[in-house]
Amino acid sequence: MKNFLLCLLLTALSFGQLLAQERTISGTVTGSDGKPVPFATVQVEGTNQGTVTDEQGNFTVPASGDAVIRVSYVGYNAIEVPVNNQSSLSITLQVNPNALNELVVTALGIKREKRTLSYTTQEVKGEDLVKSRETNFLNALQGKVAGVQINSNSGMPGSGSRIVIRGASSLTGQNQPLFVVDGVPISNQQIGAGDDDPVLFGGSTPNRGVDIDPNIIASVNILRGAAATALYGSRAAGGAVIITTKSGQGMKKGMTVNVSTAVTFDQAILPEFQDKYSAGIDGKYYDEVNQQTSSSWGARLDTLKVNGAPVKKYDPRSQFFKTGVTSDNSVSLTGTTDKSDYLLSYSFLKQGGIVPNTNYTRNSVYGRFGTQFSDKLRANVTVNYVNSDNDRQPEGNGTSSYLWGIMRAPVTYNLKPVLDENGDQRTYLNTINNPFWAVDNIGLNLNVDRFITNGSLIYQPLDWLTFTERIGADVYSDTRKFHEEIGSKSDYPDGRMFDELIHSRQINHDFYVEARRDLSSDLDLSVMVGNNIISEWTNDVFNKGIGLSGYNFFDISNAETVTSSVDLQRRRRVSVYGQAILEYKKMLSLTVTGRNDWSSTLPINNRSYFYPSVSGAFVFSELPGLNGSSALSFGKLRAAYTVIGNDADPYKTGTYYSKPAIGDGQRGEITLPFDGQNAFVLDNVQGNPNLKPERIKEFEVGLETQWLHNRLGLEVDYYNKISQDLIFQTPVAASSGFVESLINAGEIRNNGLEVTLNATPVQSKDFNWNISVNWSKNNSKIVSLAEGVPYIQVGGFVDPGIFLVKGYSYGSIWGTKWKRNEKGQLLIDEDGYPIVDDALGVIGDISPDWIGGITNEFSYKGIGLSFTWDTKQGGDVMNLDRYYLGAAGVAKYTDTRETTKVFEGVHEDGKPNTTPVKLDQSYYRSYVPGVEEAWVEDGTFVKLRNVTLSYSLDPKILKRSLLKGATLSVTGRNLYIYKPHFTGSDPELGLYGSGSNSQGFYNFITPSTRSYTVALKLTF
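Within each chain, residues carry numbers counting from 1 in the order of the written sequence. Local features in this predicted model are restricted to residues whose pLDDT is 70 or higher, and side-chain atom pairs enter the listing and the counts only when it is 80 or higher, whereas totals over whole chains, interfaces and linings include all residues. For the side-chain quantities, the full set of heavy atoms in the structure was used; hydrogens and water were omitted.

A. A look at the overall build of the protein. Strands here mean DSSP runs of E at least two residues long; helices mean DSSP runs of H or I at least four residues long; both are numbered from the N terminus. When helices and strands are tallied, the protein shows 10 helices and 56 strands. Along the first, second and third principal axes, the C-alpha atoms of the protein reach 115 × 80 × 70 Å. Counting all 1020 residues of the protein, 54% fall into the buried class. Every residue pair with non-hydrogen atoms within 4.5 Å of one another is taken to be in contact. Of all intrachain contacts in the protein linking residues separated by at least 6 positions in sequence, the fraction that spans at least 24 positions is 69%. Computed with the Shrake-Rupley method and a 1.4 Å probe, the accessible areas treat only the protein chains shown as cover for residues. Roughly 43200 Å² of accessible area belongs to the protein as shown, and the carbon and sulfur atoms make up 54% of that amount. Accessibility here uses a 1.4 Å probe with only protein chains present; expressed as a share of the type maximum, an area under 20% marks a residue as buried, one over 50% as exposed, and anything in between as partly exposed.

Given below as structure tokens:
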């Protein structure tokens, strides 16, 4: 008996050894249609052995007899096949319907198959947003989505970003897209600080999109066309940004903890400055003690000596700007039970600015909970609380801005010490603050508390019928405090302050019913009807004090002159909407939508407005002869025609009284009450009791294709958008008693082309390479305004300014210009200078010729490398810094002051100009300031926007530990900027905030930054 058992044991061991013995396994991988699947990944589970199939689907791989082979490929379900001591395998992959029929989040948070959509949409994954390490998630979208232009306003911590999709649709109304989180619209407002003009005093403030923590975002879906946003109504006239947050739904049962930490170092990207010449005038050195000046038209430093010693040279910009340090830490807990799922997250971000005493701090607490009460009823609740604190500095043309003192500082002046022996600030000119004094004694603090919450009930009594009710709220308070100390060298030497409290509340409710039935084996019908109510309420309480009685006490009771105002705005929209989708064999689809809005901001007779949409899609790859093609994996043609309405801002139908703002002619103001007397005046803009909604009509046609088993994808879209009955203010005769009147008139046209290309040049077991390219061009034109109105102004000074001019693109720079002949040649005077035209006119176009981006992603085992280039070609910028820094003699281009230039042009007799002019002090201080066209620069740029190198530990190494995953990454942003024609920091920056249509205006803005980040993510 013992011998028998011994023999049995030896036989078993020998058999096990035989199974474990490695051999060469060959095989073929085919699809369910019997055709070979080339380049599929074949991997031996638990080992480093693997390969890819050849063009005929064949493979060979070393494996033991008891091994398990895993085969995967894009568009198919992965499969695990035991070897079972075989030497040859035939493996069939089944098509993954969720891969070919990718689900995307559309309007109202409804998920639809992308393959049958009759409009364009583009998605960016949340992990790609986090990888960019941007404080404002919008900046992480730059260069990644076709047809979308995103500009960061300032290098100040927590600054806002502006996003525009397919150009501006309204003259003076909202042109940014609607923001939607988990199906509920939220605010992306940007409200300027106080009552100051941002050009003169304030600078920009954040848009509320900065409150969204990128760590909680699962995906961002951009709905570009009107057909895609029709169900959202007038609020989405500029497109929609659909944000889906993370949840625990769909995870394996259990709990997962993610912890991440990142540290970022920011360095200022400064314009170039000259360091060859001293402070002074007419080549004479000023020591800034006995003789003061803000000009650097002094002596050459290489030969300048005082008392026999060389004059010391400083670098004021390096002395002032510092390395900003940002820390970003987050922890999340995700889990599921039999019937529930949850995700809890907390993140803390602290961004230190490159300007002393500036920072942005954000605390974000997020929770999402879902419960399946039965197979018919599910409930979801999301709660997000955000607290942010932002210390900022004034920017712009006002002398309270620290930038006046630092950007014009001569290289022969030492900014330190800040105070003299009497405790007064030291400065190189008595009308300009020392920048160090400014950041210590002037500042704006914004503190925001925000709740974004929503809850939904989804009831499915039948497998084809679903009821959804969702209610959401977006509530925030924004407490603002500004102070300017006594002793400022600005227009407020006696100091000033203001307190502002903004409360905003937005409640949204949707109820809709979806029915989906198969009318036959080939015909499917989906119908949805619903109702929406949205209520918006904003209250802005503002108290300003000018002239402080005591130092370092910034309370309204310490002010000599006090003014107060309350701005209350309320708006409500009630809507009904419906959608019907008819599909034939998953090949043809027809979508019809309709929505009717009733808006409280329009007159009663015009309060109701209806707009329809019709679109269709043809999946031609399903045709016989193309279905199953090894070359064409997917092909679709689509077309859509949509009409959208856009209502007015609140209180535009009436004319009201208000307290006047009276200027003193010196950029200051006379405040009321004055000498004990108060005053109110009737608004000089006449309201319109007959206002109608704006109308936007858009036609769109597109082609989507996938090739070579989805290894190559190409999407092309063309659109033509017409905006009519535009709401804006137009001048009226003085005899009317008003300066302007609100009307419906005008027309804007936008048409353009968008191209998206995705490719996977290499796909193997260990190495993959993916490329994503996007390119878009939008042509805009102000077709008409009102009768007799050639232009309207939307920003800037009287001149230069940003104007909307009939016959030109949206956004023209208007100002003094050089005179030209009928051939467009510059006319030159007898001294060799271009002649200045007597008439003002268009001197620049802020609209780009085209924009584009390219992202490459490489992965090798656990190593990942990705980088994004993006570009804007064309688009002019009114760069007032060119004037101010040139006139001061500190700009780099003024170090050619000992050279001459011959302007290309002709004299009035037609002869070519050959007379040289000196590029000296007189040129930059006397001639250039007289012609604003000289300040306009081409804003073309090419940026290496983002580079990320990461390493993830192999999960097999962590099998026996609590750690499930670990990733270390290094990221660089703005590592390279090519801006051949722009002399400022960054042509993307703009003095007006994200909420303004006045873009392309650059003057004393905090520089952009170049950033380096180290990040670690751990999963337990």
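Having put the structure on the table, let's press on.
B. Up close: the packing of aromatic side chains. Under the pairing criterion, centres of Phe, Tyr and Trp rings, with the six-membered ring standing for Trp, must be within 6.5 Å; the plane angle then separates stacked pairs below 30 degrees from edge-to-face pairs above 60, leaving the rest tilted. Inspection of the entire model under this criterion finds 34 aromatic pairs. With centroids separated by 6.1 Å and ring planes inclined at 70°, the aromatic side chains of Y992 and F1001 adopt a geometry described as edge-to-face. Residue F1001 is classed as buried on the basis of its relative accessible area of 0%. One aromatic cluster in this structure is built from W297, Y833, Y893, F903, Y923, Y924 and Y927. Only Lys NZ and Arg CZ are tested; either one counts as a charge over a ring when it is within 6 Å of the ring centre and within 35 degrees of the ring normal. We note K416 situated over the ring of F436; from NZ or CZ to the ring centre the distance is 4.4 Å. The ring centre of Y893 lies 4.4 Å from the NZ or CZ of R882, which sits over that ring.

C. Main features of the pattern of salt bridges. Basic side-chain nitrogens of Lys or Arg form a salt bridge, by our definition, when they fall within 4 Å of a carboxyl oxygen of Asp or Glu. One pass over the structure, following the stated rule, counts 52 salt bridges. Notably, a salt bridge pairs E113 with K586, separated by 3.9 Å at the nearest N-O pair. Taken together, the residues span a long stretch of sequence, with E113 in strand β9 (residues 111-113) and K586 in the loop between β30 (559-584) and β31 (588-599) at a distance of 473 residues. In this structure K586 comes out as partly exposed when scored by relative accessible area, which is 33%. Across the salt bridge formed by R378 and D341, the nearest N and O atoms sit 2.8 Å from each other. Of this pair, R378 sits in strand β25 (residues 377-392) while D341 sits in strand β23 (residues 340-352); the two residues are 37 residues apart in sequence, bridging distant segments of the chain. By relative accessible area, R378 is classed as buried at 10%. One salt-bridge network, in which partners are shared between bridges, spans R166, R224, K636, R638, E698, E700, E704, E715, D717 and E754.

D. Spatial organisation of the nonpolar core. Residues F320, F321, Y402, I406, M407, M878 and Y923 are the most contacted members of the largest nonpolar core, which totals 60 residues. The set of elements that each furnish at least two residues to this core consists of α7 (402-407), α8 (435-441), β26 (442-462), α9 (880-888) and α10 (921-927). Those residues in contact with M878, other than ones at most four positions away along the chain, are P800, I813, I843, E932, W935, V936, G1000, F1001 and Y1002. Residues enter a nonpolar core if they are buried and are Ala, Val, Leu, Ile, Met, Phe, Trp, Tyr or Cys, with the set joined through side-chain atoms within 4.5 Å.

E. Quick peek at the sheet that holds strand β13 (residues 178-181). DSSP calls a pair of strands paired once it identifies at least 2 bridges connecting them. Across the sheet, 5 strands lie side by side as β10-β15-β16-β13-β14; this open sheet has mixed pairing. Edge positions in the open sheet fall to β10 (121-125) and β14 (184-186), since each of these has one partner strand only. Between one strand and the next, the sheet's axes are offset by a mean angle of 25°, whatever the strand orientation. Here β13 pairs with strand β16 (residues 240-245) via 4 bridges, running parallel. Paired with F179 across the two strands is V241, which belongs to β16. To get an axis, a line is fitted to the C-alpha atoms, and for a helix only the part in contact is used. The angle between two axes follows their N-to-C directions and goes from 0 to 180 degrees.

F. Geometry of the sheet that holds strand β3 (residues 50-52). Within the open sheet, the 4 strands sit side by side as β3-β2-β5-β6. Their pairing is antiparallel. Single-partner strands in this sheet number two, and they are β3 and β6 (79-82). Strand-to-strand twist in this sheet, taken as the mean axis angle between neighbours without regard to direction, amounts to 20°.

G. Molecular detail of the pairing of strand β43 (residues 791-796). Sheet analysis places β43 next to strand β44 (residues 801-805), joined by 5 bridges and oriented antiparallel. Counterpart to G795 in the pairing with β44 is I802. Taken together, β43 and the strand that follows it, β44, pair antiparallel across an intervening segment of 4 residues.

H. Expanded view of the side chain of R638. Checked against the element boundaries, R638 lands in strand β33 (residues 632-646). Identification of polar contacts relies on pairs of N or O atoms within 3.5 Å, with a donor-acceptor requirement for protein atoms, meaning one able to donate a hydrogen and the other able to accept it, and with residues adjacent in sequence counted only if both atoms are side-chain atoms. Within the local environment of R638, its side chain forms a polar contact with the side chain of E704, the two groups lying 2.9 Å apart. Engagement of the side chain of R638 in a polar contact is seen with the side chain of D717, the distance being 2.6 Å. Filtering out sequence-adjacent residues up to four positions away, R638 remains in contact with L117, S118, Y119, T120, G616, A617, E700, V701, G702, E704, E715 and D717.

I. Quick look at a nonpolar patch on the surface. Patch building starts from residues that exceed 30% relative accessible area and form no salt bridge, then joins like charges within 9 Å and nonpolar side chains (Val, Leu, Ile, Met, Phe, Trp, Tyr) within 5 Å. Residues Y860, I863, L865, L949, Y951, L953, I957, L968, V970, V1014 and L1016 make up a contiguous nonpolar surface patch of about 950 Å² in total accessible area. When contributions to the nonpolar patch are tallied by element, the ones reaching two or more residues are β48 (863-873), β53 (941-952), β54 (965-978) and β56 (1009-1019). Along the polypeptide, I957 turns up in the loop between β53 and β54. For I957, a relative accessible area of 60% translates into the label exposed.

J. Just the pairing of strand β40 (residues 712-731), in detail. Direction of pairing for strand β39 (residues 694-707) relative to β40: antiparallel, over a ladder of 13 bridges. Across the sheet, R695 pairs through a bridge with Q724, a residue of β40. In this structure, the hairpin formed by β39 and β40 is closed by a connection of 4 residues, where L708 is found at a positive phi of approximately 50°. Bridge count between β40 and strand β41 (residues 740-763): 19 bridges; the pairing is antiparallel. Bridged to L712 within β41 is A759.

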